[in-house]
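Below are the chains, spelled out letter by letter.
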Amino acid sequence: MNPYISFAEAVKAVFPGEGTRFSLTVVPATPSGVLTPPEVAKQLRCRASQVLAWIKSGELKASNLSKGNRPRYRVTPEDLAAFLKSRQPEPRRKAAKVNRSKPSRF
């Protein structure tokens, strides 16, 4: 039994009832259930270099599987779902009404 869940399942767990809001390309995960930066980029429809920038800045959690100089990052579906949740815009607040009547003479 695979201990990892799919990306679609992770999105549904983090964003219940919003499955139609995300039109994501389904990319088969590696056999271990984790995603490489190019696979994440394909899911998010961005460049792999942007995914690597998010990993290096700490915004997107990833594991480095390399023992050498060149990193080999892998991202779990749960970490990707948490990243997406952290990037959701906050709802707009209503602006305070400003009284635009004529100014007083005092």
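Draft legend 1. Focus on unusual backbone geometry. If you check the backbone angles, Arg 45 has positive phi at about 55 degrees while not being a glycine. Its place among the elements puts Arg 45 in the loop between α2 (37–44) and α3 (48–57). Classification of Arg 45 as exposed rests on a relative accessible area of 56%.

Draft legend 2. Seen up close, the packing of aromatic side chains. In the structure shown here, the tally under the stated rule is one aromatic pair. Geometrically, the ring pair formed by Trp 54 and Phe 83 is tilted, given 4.8 Å between the ring centres and 50 degrees between the ring planes. Placement of the pair is Trp 54 in helix α3 and Phe 83 in helix α4 (residues 77–86), with a sequence separation of 29 residues. With relative accessibility at 11%, the residue Trp 54 sits in the buried group.

Draft legend 3. Local environment of the nonpolar core. With 12 residues, the main nonpolar core is built from Leu 35, Val 40, Ala 41, Val 51, Trp 54, Ile 55, Leu 60, Tyr 73, Val 75, Leu 80, Phe 83 and Leu 84. Every element with two or more residues in this core is listed here: α2, α3 and α4.

Parameters at a glance
Residues numbered from 1 in each chain as written. Predicted model: local features only at pLDDT ≥ 70, side-chain atom pairs only at ≥ 80, totals over all residues. Heavy atoms only, no water. Helix = DSSP H or I, 4+ residues; strand = E, 2+ residues; numbered from the N terminus. Buried < 20%, exposed > 50% of the residue type's maximum accessible area, 1.4 Å probe, protein only. Phe/Tyr/Trp six-rings, centres within 6.5 Å; stacked < 30°, edge-to-face > 60°. Core = buried A, V, L, I, M, F, W, Y, C linked by side-chain atoms within 4.5 Å.

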